[in-house]
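# A look at the structure
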Amino acid sequence: MTLIAASALDDVEPQINTSDGDGKFHFAIDRGGTFTDVFCRLPDGSEVVRKLLSEDPAHYPDAPTEGIRRVLQEFSPKDKALYVRSTKLPTHEIGSIRMGTTVATNALLERNGEAMAWITTKGFGDVLQIGTQARPNIFDLTCVKPSLLHQRIVEIKERLVLQQFAPEEWQKLYPSVVGVTGESVLVVQSPDLDQVRKDLERLKENGITALAICLLHAYVYPEHEIQIGILAREMGCFTQISLSHEVMPMVKLVSRGHTTSAAAYLTPKITQYVASFVQGFDDKLLENTWLQFMKSDGGLAPVNDFGGHQAILSGPAGGVVGYGKTIFPPSSKKDASSLSSGSGINPMPVIGFDMGGTSTDVSRYDGKHWEHVLETVTAGIAIQAPQLDIQTVAAGGGSRLFWRGSGLESLLVVGPESARAFPGPVCYRHEGGQLAVTDANVVLGRCIPKYFPSIFGPNEDEPLNVDAARAAFQALLDEHNALSPAESGIDSVEALAYGFLQVANEAMCRPIRNLTQMKGHDLAKHVLACFGGAGPQHACAMAQRLGMKKVFVHRYSGILSAYGLALADAVHETQEPTAEILGPGNKNGGGGEVSADGIGRLSHLEQTARQALIDQGYGADRIHVERFLNLRYDGTDTSIMIPENQTSPTATFAQDFEAVYQREYGFTLKGRDIWVDDYRVRAVVPGPIPPEPIISENVTPLPPLVPDDTTRAYFETGWYDEVPVYKMENLKPGHVVAGPSIIVQPISTVVLELNCHALVNDKCDLDITVGKTVDSVPFPADIAAAAGPDPVQLSIFAHRYMGIAEQMGRTLQRTAISVNMKERLDFSCALFTKNGGLVANAPHIPVHLGAMERAVCYQVEYWSENGEGIQEGDVLVSNHPQLAGGSHLPDITVITPVFYEGEIIFFVASRGHHADIGGIAPGSMPPYSQKLQDEGAMIVAFKLVRQGVFQEAGITELLQSPGKLGIPGNVGTRNLRDNLSDLRAQVAANTAGIRLLLELVQEYGLQQVQQYMVWIQQTAETAVRRLLKEFVLKQGSNTAHAIDYMDDGSPIELTITIDPDTGSATFDFTGTGPQVLSNHNAPPAVTYSAVIYALRCLVAQDIPLNQGCLAPIEFILPKYSLLHPSKDAGVVGGNVLTSQRIVDVVLRAFEACAASQGCMNNLSFGNDEFGYYETIAGGAGAGPTWDGTSGVHTHCTNTRITDPEILERRYPVMLHEFSIRHGSGGRGLHAGGDGVVRELEPLCPLTVSLLTERRTLRPYGMHGGESGASGRNLLLRPSGDTDNGDDTNIVVNMGGRCSRPMKVGERLRIETPGGGGYGPFESDTNEMRDTAGLVRTPDMRKTC
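Residues numbered from 1 in each chain as written. Predicted model: local features only at pLDDT ≥ 70, side-chain atom pairs only at ≥ 80, totals over all residues. Heavy atoms only, no water.

## Quick notes on the overall build of the chain
A tally of helices and strands in the chain yields 29 helices and 57 strands. Dimensions along the principal axes, computed over C-alpha positions, put the chain at roughly 90 × 80 × 70 Å. Burial analysis of the chain (1344 residues in total) assigns 64% to the buried set. Taking as baseline every contact in the chain between residues at least 6 positions apart, the subset at least 24 positions apart corresponds to 71%. Put simply, the chain has 111 plus and 154 minus side-chain charges, and the middle of one group is 2 Å from the middle of the other. (Helix = DSSP H or I, 4+ residues; strand = E, 2+ residues; numbered from the N terminus. Buried < 20%, exposed > 50% of the residue type's maximum accessible area, 1.4 Å probe, protein only. Contact = heavy atoms within 4.5 Å. Lys, Arg positive; Asp, Glu negative; His and termini not counted. Charge placed at Lys NZ, Arg CZ, Asp CG, Glu CD.)

What follows is the structure in structure tokens.
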């Protein structure tokens, strides 16, 4: 973390370039969360940089204005009195101001935007609160979700239905219109504008000043939004009115709604900031000066075209443009052999590494196209807008340092908490300073106080306080040693500080691996371009860890985001949705790849975008245009934005789409149509070209330079007493500096690790060649095992193991075909020892957690006992719940051995829910199955791949086997194509895990990797034992007991007996009811998963999840009981229903919290042509310090739900309502979370199946809290007595399990259970508290 004030740069000569000045000051300013960076091109063409605190209210009100004032005061020939702080700055000398700002980001993070209301279609007021229904942290019992942006809700009685599925009688009854996409829409109900006016008046009375209007299917037909928008503007009382079809005209109600809300919520904050910024200048600012802001997509926009939703990545986007345009100058398109050629041109793609004070941003640029994504989540809000693909990790110079646990639990943790600018790290001399990454660099001599501005202390004239930082580390070391006298392996302040740096580096490496390897890129063939105040201190060490050979440090690396703003392009984008199939042929339409209508629409969008830039004052000849199609395969929801190929006259959009799909996903879907979802045009006015070199491009090596200084600093092998220190201003092009050494730039510090060499290029940038780390001492497994783990390496290996499991999951998501895996994310991936012990399970689906280990262990035993064994190139598959460690039959586990030097060293596995594997009901989730054979294909052990050959015939026979049993209605899989594709995706995920594990072995050696697997398991075991011991001390008893019941009356009873000395425990389920003649029997693996999940939730710290969690536990599961059924018993409901009840029983025994909804609410529907399956959220139980969360998946599942617009676009159903079931959570001191209401109507005859629980018995409250409401499954059907004026619905309770045909006109209404309350209820009002933070009154459904 580097802080520098203007005074610290007074003696730094401005860098001169060959660009002549225009007599004006041109500013580019990045206002970050901690620091504000200022780059200025002076009137004579020279450049200056400044860096100051973003917040310093004692000295100035606004950092960008202060930065401009300081530069003008220093370099303007005018009277200095014109630039004192008490006066408005004159603007006649200022040519332009370009800004990147965190104003919108901070407002979003801190939830202090405009008072805003959310206006949507009736029945959907709560969809933003429900979101995807997934909880952010699966082990957090509070299930807390980010708060909403809106304060009020208005639901409008209006409705559109896509005509493609509408019943014939509807098409005659309702008017039909053609929407923007070309799709026909039925206008079922138009808004009553008189009623809307009354609703808006009520909002006005309640202090609402901003509106986010987002109606269902408005991306297709926006007329209703337009009408409401006109009415709201006519009223003249709202400062911001955002219409979703204008903000982002794309399908997905939830994402578009969040984006529209962000625009309405944040844009006024930007407007207010601009107004206050303008107040710091004379009244000619906007007349004399070109004021522009950086958008998240890397383009500049005028202030009147800069929306809040476009500003989330405003600052980081400047950094991406900065490194992209300096490493790949637009003026130079010739080839170059290497980065160090001096030309500044690099054929290798670049990873941007922007390390700031509070976080680190990573990105990628290949020199051709900026990598954009169209949907990201920031602070819990899904933003649907073009944004540079920037991934953020909460690790920066100000990230706080923690040493958590003791003994085998001992882990070093960096972040996510930040010390920020105030109180800041300990070395900042502020009272209350917190130990942070910067302190580690200071203590280790890698950040030198004498070359750091002395701006600390009461008088802002003292240097960084090294002694205070060292004392803080010593205190942490002493505190840990007092708690854990055993040898920790860390015996000095230096070892502790360096350990924290290693952990921080690994945390920052993780998103870089994800950004490259998960998209099929070779990380070693990239350059690491580092910037940000702290980046150059860590870049070489990270490159060594990542296996990268080159690091690039720009001369302005400390303020590269600001420099990037100076180089940025002006951009205007236009976009329209569509719904058409891409035809074959060439890109000009001859033969029809893009339809004639599509070509016309692209031309119209181009004209609009060009005119917008012309209106801003740019010449038409400076504008160039990029065209894009947003494409996806038929039957999938994964779209890819494909740019028009400008280099090949014969290339087509389809060819480019398939090439990108192949690279990212590893396959293409031959024979499937390609759909166009959106047309997009990006009009660009190129920004300034970076200055040409001031000397020859041919860098001549110079003799070694005498260091400016030496210092004592700590590196990989320990202390070095005479580390050379070089000042950047004394280095000339051609100088080579070898590590270990330190280079001090004016606004950052570059640390060269051992075996690294920096060449100063012709622009005075640093081109660093990265060598390998020092060869480590061979790992003595026998000695190390006795000594115990190094906490630093334990933390690093925990990151690496979990990172591999996560990358397996990303590979599976990318390569899968089915909605279940690709969209709902119903899968899990994990690593195992060679004996099948779980090492790391990515936090995917909790019910898979313990079950997968049983599956792997069974396969190891099976194949070793039958004599065939497991050979290199084999891949195993199974799903049998009772015999082979499965959970239920749709969950198929694919297991791959990891071979090294001819021996199995590990296993990797992936388990995914297949949408159909046969059986008596579509979706393989039959409500009434009584035997396992009714539920689909059963696989005990099979080699899916045998010595490298995929056994398609064999697995096909197994998947089709249910149809050969001779049971009426029992058939084989109904979707073999997707089964085979998803199985291949699981194999691909395992292959990715193998590659990464072998890389880890190459890096650390097999013995060390295997030993740390053991220690990681022991870490989890120790944490669970400590939890159990503490429970005994707290309760004063070594036993606990709980019982709960399934809706059929079957008890699940648990008695826990704990050994207070060892922390071992017996979980005795004696008393649990017998297995049932139904399908909610749960195989043992499900119980193991439920218990491991519950224990992990109860452990206070973030421990690795592995078999160690169950090592202290002995299970007693009575044979042929509900939790240990016979091998032929039906179990499909045990995985999705009974698992939830087991968790409730365990948490009840520990008195942790009230019961959650206790169900996954399984719904499937379909006919002979398709099938659809989903699980539905409910209410979470309240706890000692928290209210339960509403509308969220709890405990054993965390799958997402299909967006309402996607659901109606792909399936013949109409979703009438998806809302919070208000009042269903149990009352208490802390209220239980509410369930949800989901009401659907089929648009053609369909078979609907329900598999649910908690329809009879209510989720329990705790310690006086009331129980949550039980759920209900209702059939609403017309009475049929319309002749007598009776048009009411007959309401029929369908019970917890049902499978029946439904027809048009009937509705299915699912009301899911609420969570139990905690503590006695103390008051009773007519207001209902809402877990989203709103106060809901009885008329909530209209105006909130």
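## Side note on helix H13 (residues 493–517)
When the terminal C-alpha atoms of H13 are compared, their 36 Å separation across 25 residues agrees well with the 36 Å that a helix rising 1.5 Å per residue should span. Among the 25 residues of H13, 25 are classified as buried, and the element is accordingly described as predominantly covered. (Expected span 1.5 Å × (residues − 1).)

## Digging into the nonpolar core
Core analysis: the biggest nonpolar cluster contains 103 residues, and Phe473, Ile743, Ile768 and Tyr801 have the highest contact counts within it. For this core, the element with the highest residue contribution is H13, accounting for 13 residues. Excluding residues that lie within four positions of it along the chain, Tyr801 makes contacts with Leu831, Val839, Ala840, Leu1000, Val1009, Tyr1012, Met1013 and Ile1016. Membership of the second largest hydrophobic core comes to 64 residues, among which are Leu1105, Phe1150, Tyr1173 and Trp1186. (Core = buried A, V, L, I, M, F, W, Y, C linked by side-chain atoms within 4.5 Å.)

## Section: the pattern of salt bridges
A side chain of one charge can pair with a side chain of the opposite charge when the charged atoms of the two come close. Evaluated as defined, the whole model comprises 58 salt bridges. One salt bridge connects Asp199 with Arg202, and the closest N-O pair in it is separated by 3.4 Å. Taken as a pair, Asp199 and Arg202 lie in helix H5 (residues 193–205) at a separation of 3 residues, close to a single helical turn. In this structure Arg202 comes out as partly exposed when scored by relative accessible area, which is 31%. (Salt bridge = Lys/Arg side-chain N within 4 Å of Asp/Glu carboxyl O.)

## Description of the sheet that holds strand E14 (residues 350–355)
The strand order E20-E15-E14-E23-E24-E35-E34-E31 describes an open sheet built from 8 strands, whose pairing is mixed. Edge strands, defined here as strands with exactly one partner in the open sheet, are strand E20 (391–393) and strand E31 (736–738). Strand-to-strand twist across the sheet, computed as the mean angle between neighbouring axes with direction ignored, equals 20 degrees. Alignment of E14 against strand E23 (residues 527–531), held across 5 bridges, turns out to be parallel. Within E23, the position partnered with Asp354 by the bridge is Phe531. (Pairing = 2+ DSSP bridges. Axes fitted to C-alpha atoms, helices over the stretch in contact; angles between N-to-C directions.)

## Thoughts on the packing of H13 against helix H14 (residues 535–546)
Axis angle and axis distance: for two packed helices, these are the angle between their axes and the distance between the axes, and together they describe the pair. One can describe the packing of H13 onto H14 by two numbers: an axis separation of 10 Å at closest approach and a directional angle of 60 degrees. Along this stretch, H13 crosses H14, giving a crossing that reads as right-handed. Counting all contacts with H13, which are made through Leu501, Gln502, Asn505, Glu506, Met508, Cys509, Ile512 and Arg513, the residues of H14 involved are His538, Ala541, Met542, Arg545 and Leu546. When the residues that make up the contact of H13 with H14 are grouped by side-chain class, the tally is 7 nonpolar, 3 polar and 3 charged. (Left-handed = near helix turned anticlockwise from the far one by under 90°. Nonpolar A, V, L, I, M, F, W, Y, C, P; charged D, E, K, R; others polar.)

## Points about the confidence of the model for the chain
Residues with a pLDDT of 70 or more make up 91% of the chain, whose mean pLDDT is 86. Note on residues 1–18: pLDDT is under 50 here. Beyond four places in sequence and across chains, it has 61 contacts. When the criterion is pLDDT under 50, residues 1331–1344 qualifies, and its contacts beyond four places in sequence or with other chains add up to 48 contacts. (pLDDT = per-residue confidence, 0-100.)

## Focus on helix H2 (residues 103–110)
In terms of burial, H2 is a largely internal element, 6 of the 8 residues being buried. Among all positions of H2, only Val103, Ala104, Thr105, Asn106, Ala107 and Leu108 are buried. If you follow the buried residues of H2, they end up packed against strand E1 (25–31), strand E4 (94–101), helix H8 (253–278), strand E17 (376–378) and strand E18 (381–383). Of the residues flanking the end of H2, it is Arg111, one or two places downstream, whose phi is positive at about 55 degrees.

## Considering the packing of aromatic side chains
Each aromatic ring pair is characterised by the separation of its centres together with the angle its planes make. With the rule as written, the count across this model stands at 33 aromatic pairs. Centre to centre, the rings of Tyr323 and Phe531 are 5.9 Å apart; their planes meet at 45 degrees, and the pair counts as tilted. Placement of the pair is Tyr323 in helix H10 (residues 314–327) and Phe531 in strand E23, with a sequence separation of 208 residues. For Tyr323, a relative accessible area of 1% corresponds to the buried category. Taking the centre distance of 6.2 Å and the plane angle of 20 degrees together, the rings of Phe452 and Phe456 count as stacked. Judged by relative accessible area, Phe452 falls into the buried class, the value being 5%. Phe456 gets classed as buried once you look at its relative accessible area, which sits at 3%. By way of ring pairs, the aromatic residues Phe797, Tyr801, Tyr1004, Tyr1012 and Trp1015 are connected into one cluster. (Phe/Tyr/Trp six-rings, centres within 6.5 Å; stacked < 30°, edge-to-face > 60°.)

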